[in-house]
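# Examining the three-dimensional arrangement
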Protein chains: 2
Amino acid sequence: MTVATKQQSVYFFGNKNAEGQRGMREILGGKGANLAEMVNLGIPVPPGFTISTEECARYYECDQSLSESVVNQMKSAIAQVEQSLGKTFGDTNNPLLFSVRSGARVSMPGMMDTVLNLGLNDQTVVGLANKSQSARFAWDSYRRFIQMYGNVVLGLDHHQFELILEKKKQAVGVELDTDLSEQDLQDLVAQFKAYMAQEGTAFPQDPMAQLIASVGAVFKSWRSNRAYKYRAINQIPDEWGTAVNVQAMVFGNLGDTSGTGVCFTRNPSTGENVFYGEYLVNAQGEDVVAGIRTPEPISSLEALMPAPYNELVEIYKHLETHYKDMQDMEFTIEEGTLYILQTRSGKRTAAAAVKIAVDMVNEGLIDSKQALLRIDPNQIDQLLHPNLDPSAQITVLAKGLPASPGAAVGQIVLTADEAEQRHENGQKVILVRTETSPEDIGGMHAAEGILTARGGMTSHAAVVARGMGKPCVAGCSDVQIDLDKGEVSIGGQVYQDNDYITLDGSAGNVIAGEVPLVETELSGDFETVMNWADEVRRMKVRTNAETPHDVQVARNFGAEGIGLCRTEHMFFQADRIKVVREMILAESDSERQAALDKLFPVQKEDFKQIFDVMDGLPVTVRLLDPPLHEFLPHDDQQIEQLAQEIGKSVAQIKQKLSQLHELNPMLGHRGCRLAISFPEICEMQARAIMQAAVECQQAGKVVIPEIMVPLVGVKQELAFLKDRIKSVCDDVIAQSGQPVQYLIGTMIETPRAALVAAQIAEDAQFFSFGTNDLTQMTYGLSRDDSGQFLPSYVEKGIYAADPFQTLDQNGVGQLIEMAMKNGKATRDDLKIGICGEHGGDPASIVFCERHNFDYVSCSPYRVPVARLVAAQSVLESA
Amino acid sequence: MTVATKQQSVYFFGNKNAEGQRGMREILGGKGANLAEMVNLGIPVPPGFTISTEECARYYECDQSLSESVVNQMKSAIAQVEQSLGKTFGDTNNPLLFSVRSGARVSMPGMMDTVLNLGLNDQTVVGLANKSQSARFAWDSYRRFIQMYGNVVLGLDHHQFELILEKKKQAVGVELDTDLSEQDLQDLVAQFKAYMAQEGTAFPQDPMAQLIASVGAVFKSWRSNRAYKYRAINQIPDEWGTAVNVQAMVFGNLGDTSGTGVCFTRNPSTGENVFYGEYLVNAQGEDVVAGIRTPEPISSLEALMPAPYNELVEIYKHLETHYKDMQDMEFTIEEGTLYILQTRSGKRTAAAAVKIAVDMVNEGLIDSKQALLRIDPNQIDQLLHPNLDPSAQITVLAKGLPASPGAAVGQIVLTADEAEQRHENGQKVILVRTETSPEDIGGMHAAEGILTARGGMTSHAAVVARGMGKPCVAGCSDVQIDLDKGEVSIGGQVYQDNDYITLDGSAGNVIAGEVPLVETELSGDFETVMNWADEVRRMKVRTNAETPHDVQVARNFGAEGIGLCRTEHMFFQADRIKVVREMILAESDSERQAALDKLFPVQKEDFKQIFDVMDGLPVTVRLLDPPLHEFLPHDDQQIEQLAQEIGKSVAQIKQKLSQLHELNPMLGHRGCRLAISFPEICEMQARAIMQAAVECQQAGKVVIPEIMVPLVGVKQELAFLKDRIKSVCDDVIAQSGQPVQYLIGTMIETPRAALVAAQIAEDAQFFSFGTNDLTQMTYGLSRDDSGQFLPSYVEKGIYAADPFQTLDQNGVGQLIEMAMKNGKATRDDLKIGICGEHGGDPASIVFCERHNFDYVSCSPYRVPVARLVAAQSVLESA
């Protein structure tokens with residue numbers, strides 16, 4: 001590329017004066033913006049420069065090369081760094097070395113590549129040896145750099161380097177890397193270079209060439225598979241790109257007055273307001289993060305290196321006050337001098353997020369509205385998920401670090417791939433690994449919980465698990481894995497792949513077998529936060545539930561009604577499925593009516609229980625939705641049994657099955673189509689709802705039933721059924737003399753319903769968007785069948801996100817907007833809700849708030865999440 | 001109802017002066033408007049009045065009763081009729097009698113009810129006997145009236161009346177109704193009345209009460225099942241309603257100077273410009289239409305009753321010149337005096353329609369544009385459908401009337417219901433009936449052709465079959481049906497239900513077995529009409545075809561390119577399905593590539609053949625669309641065979657089958673999703689298309705390939721594939737040095753594609769609306785599964801029409817409009833077409849013209865229909 005770009009692409013920081021600041025996250029990435037900010041605050045940061053995120057896109061546009069302009073800007077920035085430190089890049093006496101790190105707009109820990117010790121070559125290594133007065137250190141740094149460069153920049157297999165290293169250790173008879181001598185390391189450097197040459201990829205001696213290639217490698221790592229996968233899971237747009245931070249190296253491995261660590265301004269696991277962290281003496285930063293050596297708690301640093309420790313304490317307080325949020329910092333002490341390498345808003349468990357938010361309000365640092373915005377709603381449901389039943393007898397097999405709270409039960413699985421596979425097959429698994437690496441991200445997401453044999457509280461496994469809200473026990477040294485045998489030894493006992501274990505991530509316990517779990521409750525700080533949310537939010541939050549248990553859980557979590565009661569779930573219960581089948585197999589109207597007469601009292605009791613719990617709140621009941629064949633048995637034995645039970649022949653049942661068979665049941669004889677074919681089913685349900693309402697009201701409850709007709713596509717469907725439902729309801733009311741206020745409305749779940757909403761609203765008092773089916777039909781995509789290609793679609797960036805997880809605002813959203821606008825034009829007071837699974841998805845809830853929905857409805861455990869997001873979206877739009 | 005409606009609901013006609021005229025069809029119905037028009041023209045029409053279509057809707061709104069205002073208006077009109085005829089309604093000396101008939105905006109022959117001889121009671125029957133000097137006639141009229149009233153108005157089973165009549169004939173030992181004496185008829189009247197009383201429904205003696213009830217009965221018959229069905233088939237809106245015509249009775253059964261008949265101003269079967277019709281002496285009109293007695297040809301009337309005949313000839317000429325269209329008239333001669341009871345535009349075969357249109361242009365009666373509008377496009381394809389292969393040896397079993405032209409082959413079926421069922425099962429059937437009635441309408445629609453034992457050229461079977469464009473042989477007296485045995489004797493030979501026969505409707509022949517049929521060609525008058533159409537129309541007409549035969553047929557029919565070439569159809573051919581299966585079952589990329597390498601030359605040859613025929617015209621090739629499992633065998637034997645053939649194990653194939661199995665294949669891994677998962681398939685196809693284009697161009701042809709990506713829902717899908725297709729195509733072009741102009745575009749067949757068309761158009765050079773799938777997804781309705789309830793939906797009026805037959809302009813149409821508008825906003829020159837089956841449906845083609853489509857594409861046999869409609873819609877919008 002010869003076309004020079006004129007704009008600024010490189011931003012220097014150092015000398016207490018940076019070209020960037022914290023507000024420039026989009027251009028500098030999170031790390032770069034915060035490095036600049038710290039420099040401006042006067043905090044000791046090794047000088048360097050940031051190459052902007054815009055260059056990432058440009059790098060790909062320009063055939064993966066940096067423009068001349070960028071290279072020139074880099075050279076100027078290098079000169080500034082050289083001036084500020086009095087060292088020179090590539091100098092043989094006092095060489096300046098760089099680290100090269102990624103830094104996206106939001107943190108993607110471990111997902112992209114890093115190169116350290118850059119600038120070393122056969123000459124500068126001698127300079128470093130002289131300057132550091134440790135030839136061994138210099139050659140070890142050079143050895144590490146070549147290894148990293150070979151792997152990250154040149155794409156060679158890092159196992160090959162490890163193999164050469166391993167052979168060397170065997171040859172000289174040592175066990176640890178640190179026992180290798182200067183000469184050994186020199187040999188290794190030579191061997192590494194030989195290996196690279198043999199692979200046709202020579203190691204470049206020119207530091208500037210090293211730097212340009214390394215910057216490119218970091219840009220490239222934005223598009224690695226694991227980075228795509230991470231972004232897909234975390235819904236980070238691919239087009240953001242990463243910045244690259246080039247920073248002067250400081251060394252934590254220059255002896256016992258050096259060290260490196262990671263610390264948090266508060267406890268990221270509990271939220272407790274104490275300084276929290278870990279460090280290793282005489283180590284480089286990667287050693288802490290990789291979890292290979294188990295580090296010391298930060299409190300012990302005070303005794304070891306009081307001056308840097310005290311400075312660190314002062315800095316952490318400064319940073320937290322400055323950012324008004326809990327910070328996650330990396331530091332290095334080089335021969336007694338403290339450097340801060342990074343600060344960022346610290347990842348935390350949901351419990352910690354809640355506690356920190358409430359504490360900071362109490363401390364006067366932030367107000368309750370800011371506090372609400374501080375809590376990541378995607379995490380919240382870890383607070384609501386089960387813990388160990390306190391009354392259960394448990395056998396603790398081993399203890400590790402309580403790396404991420406909550407309890408999980410599952411079958412042991414030893415590789416990430418298998419975890420993903422078995423999860424897809426519906427199994428609950430616990431991923432057990434010696435240590436995890438970014439390649440394991442998919443398997444961690446699929447697992448119920450994670451157990452590692454090595455690594456600390458800030459190891460990869462711990463950080464990622466907390467972010468995902470998965471229970472994790474880390475660094476459990478009593479765990480030994482034998483991948484070949486498919487076994488794991490835990491506390492001396494051997495378990496097979498597939499055996500059940502239980503993790504208690506809050507206590508760090510690994511427990512034998514399947515321990516019963518119990519639900520948690522809203523209380524304490526969490527309740528405080530929820531109350532703040534309720535004060536702020538406008539939208540109601542309802543739940544999708546039909547069993548008395550789920551209905552009660554939802555109400556306890558603050559649900560303000562039921563947005564979707566799926567009556568067919570009631571039909572599947574053992575005591576009534578037989579009657580349902582009788583109804584389906586009826587060969588005359590009278591036979592069918594007889595079965596319906598048996599179902600009526602059962603349905604009525606169901607509704608009474610629900611109305612009872614939801615006293616005073618609206619309950620939306622959806623009429624029977626699935627195609628009838630879903631209620632019939634399909635295997636021969638069950639068919640035979642059913643035939644005997646209800647006095648039909650096997651042939652009759654099979655004939656019915658074949659008659660009801662559908663090629664595309666999703667688009668078949670279901671929803672309101674069933675009710676139109678068999679109005680007597682719909683009338684039985686309407687009668688049961690209204691009779692239950694009458695009886696509950698007579699018992700002093702307040703009942704607000706909303707009867708919902710599914711799968712409407714044309715106005716006439718709803719009109720036809722509305723007449724019948726209304727006539728049944730009014731009949732029940734008239735007979736009882738008990739007035740009941742009720743609504744009749746419809747789900748908007750076919751694209752056509754959205755398109756002709758103006759007409760449908762003539763007969764509907766409410767619309768509830770059934771975004772699951774609406775998404776399926778708008779995309780022409782069956783959720784059940786999309787597994788074959790949907791992951792690869794997300795990976796290839798064809799879908800920005802799984803549209804079943806988060807609402808497709810661009811396409812499906814248009815239909816929703818249209819339906820709302822036209823529906824309301826027909827009927828001013830049309831009530832609008834959503835009852836697809838998107839009702840519990842934060843981004844989708846924001847969409848609903850923006851469009852002035854009356855309510856969202858979600859699964860019981862998502863109710864608090866929805867309450868929080870409903871509040872946040874009001875605050876954000878203000 | 002006590003609220004009087006002020007507006008005019010009743011329109012008198014008579015005394016050469018009518019309140020209506022021909023332009024008032026919407027209010028008076030077709031029959032009423034034409035009666036008024038004839039009165040105004042001075043043509044002898046029995047006086048009467050029309051109750052407007054608006055009263056039909058009001059009748060249902062008012063709990064099925066007539067308002068006081070309407071009844072009062074009827075009474076005034078009756079007074080006018082009385083005055084004009086000098087008879088009085090209900091008078092015991094000279095009673096005025098009425099016929100009460102339906103009359104909708106368009107003719108629905110036989111679908112609604114009629115009451116004749118109204119006004120007779122125990123007193124007036126004596127007056128009629130005196131006045132007509134025939135007591136037998138009077139009592140026979142009374143007997144008929146009671147019978148009709150009992151059935152039509154009171155809803156009693158007409159078989160019960162027939163039973164009583166039959167018993168009477170046995171008791172007195174006569175065979176024909178006409179042999180019954182006055183006394184027998186008096187007895188029958190008494191017996192009928194007794195039967196009605198016994199059923200709790202007394203026969204009313206008050207003529208006004210009779211009239212009010214009969215008008216109501218006609219309104220009610222608008223909503224009879226058969227009327228609903230007829231409207232659904234003919235796409236007549238339910239809300240139009242029918243008018244009711246109340247007209248003074250005239251009698252064709254007053255002896256040998258009386259008669260009644262039906263005539264056409266030209267031959268409705270051939271279009272020949274000769275007076276054409278049939279009559280019966282001494283009969284009432286219903287006797288002709290019902291086809292019970294076989295009538296005489298109209299030409300023989302001249303000798304029998306010269307004066308009325310000459311008057312009739314004068315009138316028919318007057319009417320045809322006045323209406324400038326072929327007329328279908330009903331007349332009655334009462335004791336030598338001619339009355340015209342009805343005139344309307346005559347139903348005709350497609351051949352007749354074409355001939356009449358061309359003749360009338362030549363005669364200077366109309367111009368070519370009017371001629372184009374005269375031809376019903378729904379009929380046209382009967383001209384294009386097969387006739388008997390002239391070289392075939394045939395055995396004529398029996399001869400009947402050539403009631404509707406064309407040839408049909410099918411299995412004998414003896415009831416309409418069974419015809420419908422077996423048609424749904426994919427069988428081709430010939431409906432064989434003694435005579436047909438309006439109840440048979442569904443079965444007639446389902447049959448390939450119709451054969452009746454009784455009835456003339458204007459019998460129900462003949463009229464309906466011509467309207468539907470079905471071959472029909474009527475009045476074939478050598479046919480005797482034994483329903484109980486499921487047999488039919490044809491010309492003395494016994495055939496079973498299920499045996500094959502062939503009908504030649506043009507010759508009136510019933511032929512043994514399955515005779516091979518041959519295609520027809522465009523020629524003569526039809527070609528003239530098509531040329532007129534081509535001069536007028538704006539839209540291009542393409543075809544959906546992929547076999548060389550179909551492509552050639554379409555080009556002969558005037559197709560101007562291919563709008564949809566479904567490449568998968570090529571994959572199913574016996575010689576290549578094996579290779580396709582190898583490709584699907586490949587276990588490595590190299591195995592798959594090997595299979596693709598075998599497919600490439602085959603595909604290339606396919607495309608060469610198509611390009612060859614379509615020399616100079618665009619050819620849109622759709623990439624592979626169906627899910628892969630559709631190409632694999634599913635039954636055990638075939639799987640075993642395949643395993644042997646391609647050297648895989650049965651288990652491997654079954655595993656693949658289970659892996660590919662989908663719950664909703666319509667919404668599954670198909671279309672562009674396949675191409676994204678297996679880009680090598682798409683690349684092979686692109687290469688085959690372009691290589692074929694290059695080779696054809698080198699051979700001197702002009703090739704315009706348009707590559708179409710199916711099932712796109714998001715922009716990225718198309719962008720991803722466009723890059724790959726373009727790179728393959730440009731590579732082929734570069735290698736060959738042969739420039740080929742090609743387009744890359746997409747089907748718009750998911751609702752989402754329509755919603756985000758602006759983005760998709762960035763990568764698409766054309767949009768082709770795949771309205772089959774677009775309809776399925778917009779409604780959430782699987783065409784394959786909708787059979788269970790779609791007919792009842794249409795019957796219940798929930799769908800105005802089958803949305804797979806005629807485009808849902810209200811819902812799906814909105815998506816199309818949106819996609820066009822937004823797509824064109826992105827890309828000015830975006831080419832727009834339609835390739836769903838709607839591309840051959842007249843109403844849908846009108847929609848496309850209105851929206852300025854560039855082309856429609858339809859099956860080869862629909863091409864002339866589309867050419868005609870494209871022209872008509874230009875004329876209509878002008």
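Below or above, wherever it landed, is the structure these notes cover. If you're wondering where the values come from, they're calculated on a predicted model, not measured in any experiment. (Residues numbered from 1 in each chain as written. Chains lettered and ligands numbered in written order. Predicted model: local features only at pLDDT ≥ 70, side-chain atom pairs only at ≥ 80, totals over all residues. Heavy atoms only, no water.)

Let us look at the packing of helix α23 (residues 589-613) of chain A against helix α27 (residues 679-698) of chain A. Residue and element names in this part refer to chain A. In the contact formed by α23 and α27, the axes pass within 8 Å of each other and the chain directions differ by 40°. For α23 against α27, the interelement crossing comes out right-handed. Counting all contacts with α23, which are made through R592, Q593, L596, L599, F600, Q603, K604, F607, K608, F611 and D612, the residues of α27 involved are E680, I681, M684, Q685, R687, A688, I689, Q691, A692, A693, E695 and C696. Among the residues making up the contact of α23 with α27, the classes are represented as 12 nonpolar, four polar and seven charged. (Axes fitted to C-alpha atoms, helices over the stretch in contact; angles between N-to-C directions. Helix = DSSP H or I, 4+ residues; strand = E, 2+ residues; numbered from the N terminus. Left-handed = near helix turned anticlockwise from the far one by under 90°. Contact = heavy atoms within 4.5 Å. Nonpolar A, V, L, I, M, F, W, Y, C, P; charged D, E, K, R; others polar.)

By the secondary structure assignment, A:V529 is in helix α19 (residues 524-536). A:V529 has contacts with A:V354, A:V358, A:L372, A:I375 and A:L868, leaving out every residue within four places of it along the chain.

Below, the discussion takes up the sheet that holds strand β3 (residues 48-51) of chain A. All names here are of chain A. Spatial strand order, β2-β1-β3-β8-β6-β7: six strands in an open sheet with antiparallel pairing. Strand pairing shows two members of the sheet lacking a second neighbour, β2 (17-18) and β7 (114-118), which therefore form its edges. Inspection of the sheet shows strand β1 (residues 10-14) paired to β2 by two bridges, in the antiparallel sense. Each residue of the ladder has a partner; that of G14, found in β2, is N17. (Pairing = 2+ DSSP bridges.)

Once that is clear, we can look at the interface of chain B and chain A. How big an interface is tends to be reported as the loss of accessible area on association of its parts. Taken together, the contact pairs 46 residues of chain B with 46 residues of chain A. In total, about 4,200 Å² of surface goes out of reach between chain B and chain A, with carbon and sulfur atoms giving 54% of it. Counting every contact that joins chain B to chain A gives two salt bridges. Between the two partners, chain B and chain A, sit 24 residue pairs in polar contact (both at pLDDT 80 or more). Those elements giving two or more residues to the side of chain B that touches chain A turn out to be α25 (650-660), α26 (672-677), α28 (715-736), α29 (751-755), α31 (771-779) and α33 (812-826) of chain B. Ranked by residue count, the leading element in the side of chain B that touches chain A is α26(B), at four residues. (Buried area = accessible area lost by both parts, 1.4 Å probe. Salt bridge = Lys/Arg side-chain N within 4 Å of Asp/Glu carboxyl O. Polar contact = N/O pair within 3.5 Å; in protein donor to acceptor, adjacent residues only side chain to side chain.)

Our next topic: the relation of the copies chain B and chain A. Note on the copies: chain B fits chain A at an RMSD of 0.1 Å, the axial shift is 0.2 Å, and the rotation between them is 180°. Both copies are brought into coincidence by an operation consistent with a two-fold rotation axis. Ranked by how close their C-alpha atoms come to the rotation axis, the residues of chain B are headed by B:N664, at 2.2 Å. Take the interface residues of chain B: 100% of them recur as interface residues in chain A, which is what a same-surface contact looks like. (Least-squares fit on C-alpha atoms with pLDDT ≥ 70 in both.)

According to the stated counting rule, one finds 43 aromatic pairs over all chains in the structure shown. Relative to A:F192, the ring of A:F161 lies with its centre 5.1 Å away and its plane at 85°, an arrangement referred to as edge-to-face. Residue A:F161 is located in helix α6 (residues 158-172), and its partner A:F192 is located in helix α7 (residues 182-198); the two are separated by 31 residues in the primary sequence. In this pair, the class of A:F161 matches that of A:F192, namely buried. Residues B:Y59 and B:Y60 carry aromatic rings whose centres are separated by 5.7 Å and whose planes lie at 85° to one another, so their mutual orientation is edge-to-face. Judged on exposure class, the residue B:Y59 and its partner B:Y60 are both buried. (Phe/Tyr/Trp six-rings, centres within 6.5 Å; stacked < 30°, edge-to-face > 60°. Buried < 20%, exposed > 50% of the residue type's maximum accessible area, 1.4 Å probe, protein only.)

As a further point, take the side chain of B:E55. Here B:E55 lies in helix α2 (residues 54-61). Here B:E55 falls in the buried class, since its relative accessible area comes to 2%.

Moving on, we get to the sheet that holds strand β34 (residues 855-858) of chain B. Residues and elements named next belong to chain B. Spatially, eight strands are ordered β27-β28-β29-β30-β31-β32-β33-β34 in a closed barrel, and the strand pairing comes out parallel. Going across the sheet, the axis of each strand differs from the next one's by a mean of 25°, ignoring polarity. Bridge analysis of strand β27 (residues 540-544) against β34 gives four bridges, and the strand direction is parallel. Looking at β34, one finds that V541 is bridged to V856. This element, helix α35 (residues 863-877), spans β27 and β34 of the sheet and lies at about 155° to β27.

Once that is clear, we can look at helix α5 (residues 135-153) of chain B. Over its 19 residues, α5(B) extends 26 Å from the first C-alpha to the last, a length consistent with the 27 Å expected when each residue adds 1.5 Å. For α5(B), the buried fraction is high: 14 of the 19 residues fall into the buried class. (Expected span 1.5 Å × (residues − 1).)

Residue and element names in this part refer to chain A. Burial of strand β6 (residues 98-104) is extensive: seven of the seven residues sit out of reach of the surface. Here β6 shows no split at all, with F98, V100, S102 and A104 on one side and S99, R101 and G103 on the other all buried. Here β6 pairs with β7 via three bridges, running antiparallel. When the sheet's bridge partners are listed, V100 is paired in β7 with V115.

Residue and element names in this part refer to chain B. Here P627 shows up in the loop between β29 (618-622) and α24 (636-646). Since its relative accessible area comes to 4%, P627 is described here as buried. Through-space distance from the C-alpha of P627 to that of W240 is 44 Å; in sequence the pair is 387 residues apart.

All right, on to the packing of α19(A) against helix α35 (residues 863-877) of chain A then. Between two packed helices, both the angle of their axes relative to each other and the distance between the axes serve to describe the pair. Residue and element names in this part refer to chain A. The N-to-C vectors of α19 and α35 enclose an angle of 50°; their axes lie 8 Å apart at closest approach. Judged by the inter-axis angle, α19 sits oblique to α35. Every pair of crossing elements has a handedness; the one defined by α19 and α35 is left-handed. Contact with α19, carried on its side by F526, V529, M530, A533, D534 and V536, involves P864, R867, L868, A871, V874 and L875 of α35 and no other residues of that element. (Parallel < 35°, antiparallel > 145°, perpendicular 65-115°, else oblique.)

A few words on the nonpolar core. In this structure, A:F49, A:L211, B:F49 and B:L211 are the most contacted members of the largest nonpolar core, which totals 455 residues. Excluding anything up to four places from it in sequence, B:L211 contacts B:F49, B:M74, B:I78, B:F89, B:V100, B:L118 and B:V246. (Core = buried A, V, L, I, M, F, W, Y, C linked by side-chain atoms within 4.5 Å.)

A word on the pattern of salt bridges. Enumeration according to the criterion identifies 96 salt bridges over all chains in this entry. For B:K726, the salt bridge goes to B:D730, with nearest N and O atoms at 2.9 Å. Taken together, the positions of B:K726 and B:D730, both in helix α28 and four residues apart, correspond to about one turn of that helix. When its relative accessible area of 39% is taken as the criterion, B:K726 is described as partly exposed. Given the relative accessible area of 31%, B:D730 is considered partly exposed. Where salt bridges share partners, they join A:D534, A:R537, A:K540, A:E560 and A:R867 into one cluster.

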